[in-house]
Amino acid sequence: MAAFIARRFLYMVPTVFLISLVAFVIIQLPPGDYLTTLMAQYASQGESLDQAQLDAMNERYGLDQPFFVQYWKWISGIMFHLDFGQSFEWSQSVSGLLADRLPLTMALAGLTLLLTWFVAVPLGVFSAVKQYSIGDYVATTIGFLGLATPNFLLALVMLWVAFSTFGLSVGEANPVTFAIAILVLGTAGTAGLIRILRANLLDELRKPYVVAARAQGLPEGRLLVKYPLRVAMNPFFSTIGWLLPSLVGGEVIVATVMNLNTVGPLLLGALRSQDMYLAGSIILILGVLTVLGTLISDIALAWLDPRVRLRYR
Amino acid sequence: MTRGPWLGPRYTRRHVLQLGGAAALLTMAGSACSGGSGDDDAPAGGGAEKGPEAPSLAERVAAGELPPVEERLPANPLVVEPVDSIGTYGGDWKTALLGPGDVAWLARTGGYELLMHWSIDFTEPVLNIAESVEQEDGGRAYTIGLRQGMKWSDGTPFTADDIVFAYTDVIANEQLLGVPRWLTTVSGQPATIEKVDEVTVRFTFAEPQGLFMHNLCMPDEGGLLTSYPRHYLEQFHQTYNPDVASLVAAEGKADWVELFSSKVGFSILLDAGFWQNPELPRLGAWTVTTPLGTGEQVVLERNPYYFKTDPDGSQLPYLDRVVYNVVSDEELMLLQATNGELDMHMRHINSLTNKPVLANSREDGDYDFFDIVDGKMNQAVMALNLVHQDPVLREVFQNKDFRIGLSHAIDRQEMIDAVFQQQGEPWQVAPREESDFYDEEFAKQYTEYDVDLANEHLDRAGYSQRDGDGYRLRPDGNRISFALDVATPSLFPFHPDATELVVGYWQEVGIDVRMNPMDRSLFIERREANIHDAAVWVGDGGLLDGLLDPRYYFPSHTGSNWGVPWANWYNNAGDPREEPLPRIQEQMDLFDQLRATADDDARIEIFRQILAISKEEFWLIGTVLPMGGYGIVKNSFRNVYEPMPVSAVYPEPGPSRPEQYFHAS
């Protein structure tokens, strides 16, 4: 197991390097750079930048330097000082901006996850055990509806209701908007999980060991929790890894629509204005977290499921 | 509206009083004449019932945290005449900010504090921080008198040294900025600055400088001169702090430039840097207490050392704070507006399409509309690239009859009805009716919708041959075929719709044109590289701003998307460059002459000549004059000037004196 983990860590080095390179290249790919965006913005207000000002900014931001020089400046700062550079648009350090938004982002993602599990697990189990009952159909309908409704639309509708019926302010962060966001994000996640859990559990419930256990007189409830459910939960643990980036990256569209001060809208804004160090750093962090998360879920799975664990031997 | 002589009198000290009394002016210069007799008007003890200062400041004075108000004000404060009525202290100005890209709104509301201001009706420069501005030696020198005893927001005196520092050590420092065009002569020699005494500086030029006063009113020009407090910033500057390296190291910066840049910005309208540092002393009515990026709000609070009073002698501003909700989406801002959460706003949400929505909620939201006069003179200018890389297309585009034909082919009334909510008027790329340069013939020429006439002009232009599909042919036998570049999404969501219509009209007369929508960065890149066929953008410069930024009258700037290589040739900067047509060169020579003309009337005359050439040559095809602009204001929010000009040069609402806005209880 230790060798396995060590090997995985070793593999991560080139992967992360490639991610950093790709992140940086992707940001440079679209035409123009931050200054062009700035000029476009300026031009839409009918303003124009003095050439001297433009040149000075170009130099100050280092945008006139070749690609690899810019890349090295960025990556060496991260490697040696954990300094992610400066956001042009905010004229603030990237680390500061992220630190400011992380608590809310993590709270949002964490609570959403709890809500999802809280709703999805009982519903999924129920609709598998009572397959084709009225309850199953209701749960399935809810699930499909949640899956099919675009998140941001639901968010807008709920915001509108909150605003028009209850007269709530929509601009400032308040517990109600936060609750709405969790509910909206939770609904979408729930739907998927219900379906996965239902399908997995149905597979397991028909297996001979369930019949054997039942034949031995195990009470139905204990039987369910102790054996098939544990197996059916595997997909949950293998997706734990994906949660890590979402804890930091957050949801982009819903957060933008609801004006939540999380990392998602920050990334979107940075990409739109070609604020390269900010966008690049967020993408890199998310990339690293995805890699880490995958490792964690592999370990978690191995730890939980002897079948998986034994295969690594 | 009466049109004042908008270039105004010359600003000798003798004229200052007259200036204060001039009809269109709102802000009076107090007793700026014959130095130092300001004591009579000193506001101590003034201020009717509301007292000479805000209650919150009075408390701090009583607690010994602040010196008394008469010591905080300059000897001769600027007396601001309110727009409607004298106000009362207190309350917030609640408004919204669309992310960090919207910093210009911070500058426009809380950051427009310059040596000179635009008069509120945007007709001429008037005094602001400067107590006097004197033109000498036929425009070769300008002497600026500051206010004795004026202070930065931290209580340190604001003196001539600050202006000298701003110019020589920040603006003219090549590592930080470099001398901008407005501080150089036509032939490119930079201005020199000298400190005459503690409160007087003099700018000297090698040649006469005609637009110096105007530039003093513009945020990213004159505004920079009053944004760099020397006493605070010199510790971060290499020249003044030999030990700056240790500070650089302590803050983990790469060099002193990076350190300096982290404390202050370099562009008032664009750079968030001015709004990140609560320690930076300022001259404006409010100073930053919650900077941008630390939370969901930006908060500015009253500057206890602000140098203006109302006619009662009460120190301004009336409002305690300006609170900006940082929102991520325009629709949210709209919802906030309809919910009555914005006290006064005139950006992003005030489109013609949103007008019915906002009108509907006026009662519930307890707000109303106020009128604005858009500085733009065109909603969509169809700019054919007159310097096209393809010599044949270039020849076609440079053919005036061709352009006239295309202009007649456009059904502008249909555009107004279909795209602009029936607001507007058929209009060419010509000054607005509100402008002194208004010329009806120029504005209306070739705007008549007449397909036969259009075909006649196109035939006469020499393109009567058509191919099997009915498209006209170029001299080399190919179809006349080109693309109209449109930036989308952009601040002008109606451009694709308008262009779609124009494409239809031009197809009708046998021109194979298509719309080419693209991201706005790509749009700008193509324009700068001169690889576009034709481009659609709004037409700026319909008011006084046309004279300061004539990009639609002749190629003066890379924003002149119809002749970028010519503009580069003129500015001696950028690529590609090409020698302009003789008529354009004539315009350029005239503009150089204008920049070097100190006499106001002569300058007007020269600009008229430039416009006359544009009119005769008909460089650009205009469509619709923007009309029906509006902003929203809470019913209890007072003293908002109407109709408010809107222009890049007049950074609304800054010149309308936000310091005198107030909440009626």
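Residues numbered from 1 in each chain as written. Chains lettered and ligands numbered in written order. Predicted model: local features only at pLDDT ≥ 70, side-chain atom pairs only at ≥ 80, totals over all residues.

Caption draft 1: Structural view of the overall build of chain B. Scanning chain B from terminus to terminus reveals 23 helices and 25 strands. Within chain B, the proportion of its 665 residues that are buried is 55%. Across chain B, contacts joining residues at least 24 apart in sequence account for 70% of those joining residues at least 6 apart. (Helix = DSSP H or I, 4+ residues; strand = E, 2+ residues; numbered from the N terminus. Buried ≥ 20, exposed ≤ 12 C-beta atoms within 10 Å, placed from the backbone. Contact = placed C-beta atoms within 7 Å.)

Caption draft 2: Seen up close, the interface of chain B and chain A. Contacts between the two partners involve 52 residues from chain B, matched on the other side by 42 residues from chain A. Elements that contribute at least two residues to the side of chain B that touches chain A include exactly helix H9 (256–261), strand E13 (321–327), helix H10 (330–338) and helix H19 (520–528) of chain B. Sort the elements by how many residues they give to the side of chain B that touches chain A and H19(B) lands first, with five residues. The residue inventory of the side of chain B that touches chain A, partitioned by class, reads 21 nonpolar, 21 polar and 10 charged. (Nonpolar A, V, L, I, M, F, W, Y, C, P; charged D, E, K, R; others polar.)

Caption draft 3: Fine view of the packing of helix H22 (residues 582–595) of chain B against helix H23 (residues 600–617) of chain B. Residues and elements named next belong to chain B. Close contact between H22 and H23 brings their axes to 9 Å; oriented N to C, the two are set at 165 degrees. Here H22 lies roughly antiparallel to H23, going by the angle between them. The interaxial crossing formed by H22 with H23 has left-handed handedness. For the pair formed by H22 and H23, the contact residues are Arg-583, Glu-586, Gln-587, Leu-590, Phe-591, Gln-593 and Leu-594 on the first element and Arg-603, Ile-606, Phe-607, Gln-609, Ile-610, Ile-613 and Glu-617 on the second. (Axes fitted to C-alpha atoms, helices over the stretch in contact; angles between N-to-C directions. Parallel < 35°, antiparallel > 145°, perpendicular 65-115°, else oblique. Left-handed = near helix turned anticlockwise from the far one by under 90°.)

Caption draft 4: Spatial organisation of the UniProt feature "domain: Solute-binding protein family" (unreviewed entry) in chain B. Mapped onto this numbering, the UniProt entry annotates "domain: Solute-binding protein family" (unreviewed entry) at residues 124–550 of chain B. Spanning residues 124–550 of chain B, this segment combines 28% helix with 19% strand, and its end C-alpha atoms are found 17 Å apart. (UniProt positions renumbered as here; feature names shortened; annotations may be inferred.)

Caption draft 5: A look at the pairing of strand E3 (residues 92–98) of chain B. Residues and elements named next belong to chain B. Burial analysis of E3 places six of its seven residues in the buried class, which makes it a mostly covered element. Sheet analysis places E3 next to E13, joined by seven bridges and oriented parallel. Looking across to E13, one finds that Asp-92 is bridged to Arg-321. (Pairing = 2+ DSSP bridges.)

Caption draft 6: A look at the nonpolar core. Judged by nonpolar contacts, the single largest core of 253 residues is most densely connected at Ala181(A), Met116(B) and Val381(B). Considering every element that reaches this core, the biggest residue donor is helix H8 (residues 175–205) of chain A, with 11 residues. With sequence-adjacent residues up to four places away left out, Val381(B) is seen in contact with Val429(B), Val536(B), Trp537(B), Val538(B), Gly539(B), Tyr552(B), Leu620(B) and Gly622(B). (Core = buried A, V, L, I, M, F, W, Y, C linked by C-beta atoms within 7 Å.)

Caption draft 7: The arrangement of the UniProt feature "transmembrane region" (unreviewed entry) in chain A in detail. Residues and elements named next belong to chain A. UniProt marks residues 9–29, 104–125, 137–163, 175–197, 236–258 and 278–304 with the feature "transmembrane region" (unreviewed entry), using the numbering shown here. Helix makes up 100% of residues 104–125 and strand 0%, whereas the separation of the span's terminal C-alpha atoms amounts to 31 Å. Overall, residues 278–304 shows 100% helix and 0% strand. The separation of its end C-alpha atoms is 38 Å.

Caption draft 8: Spatial organisation of the sheet that holds strand E24 (residues 644–646) of chain B. Residues and elements named next belong to chain B. In spatial order, the strands read E14-E22-E15-E24; together these four strands make up an open sheet with mixed pairing. Whereas interior strands pair on both sides, the edge strands pair on one side only; in this sheet they are strand E14 (344–345) and E24. As paired elements, E14 and strand E22 (residues 630–634) share two bridges and run antiparallel to each other. From the neighbouring strand, Met-344 faces E22, where its bridge partner is Val-633.

Caption draft 9: A look at helix H13 (residues 240–249) of chain A. Within the sequence span of H13(A), burial applies to Gly241(A), Leu244(A), Ser246(A), Leu247(A), Val248(A) and Gly249(A). Along its buried surface, H13(A) packs onto helix H5 (94–129), helix H15 (263–272) and helix H16 (276–304) of chain A.

Caption draft 10: Focus on the environment of Val225(A). Residues and elements named next belong to chain A. Relative to the helices and strands, Val-225 resides in helix H10 (residues 220–226). When the 11 C-beta atoms within 10 Å are taken as the criterion, Val-225 is described as exposed. Taking the C-alpha atoms as reference, Val-225 lies 35 Å from Ala-155; in sequence the two are 70 residues apart.

Caption draft 11: Representation of the sheet that holds E3(B). Residues and elements named next belong to chain B. Pairing is mixed in the open sheet, where four strands are placed in the order E3-E13-E11-E10. Two strands in the sheet have a free side with no partner beyond their single neighbour: E3 and strand E10 (286–290). For this sheet, the mean inter-axis angle between neighbouring strands, taken without regard to orientation, is 25 degrees. Taken strand by strand, H10 contacts E3 and E13, and its axis lies near 160 degrees from that of E3.

Caption draft 12: A look at the domain arrangement of chain B. Residue and element names in this part refer to chain B. Here chain B is described as being made up of domain 1 (1–6 + 112–269), domain 2 (37–110 + 284–366 + 633–665) and domain 3 (378–625). Distance between the C-alpha centres of domain 1 and domain 2: 24 Å. Across the boundary between the two partners, domain 1 contributes 20 residues, which contact 22 residues of domain 2. Broken down by class, the residue content of the side of domain 1 that touches domain 2 amounts to 10 nonpolar, six polar and four charged. (Domains from an automatic or database assignment.)

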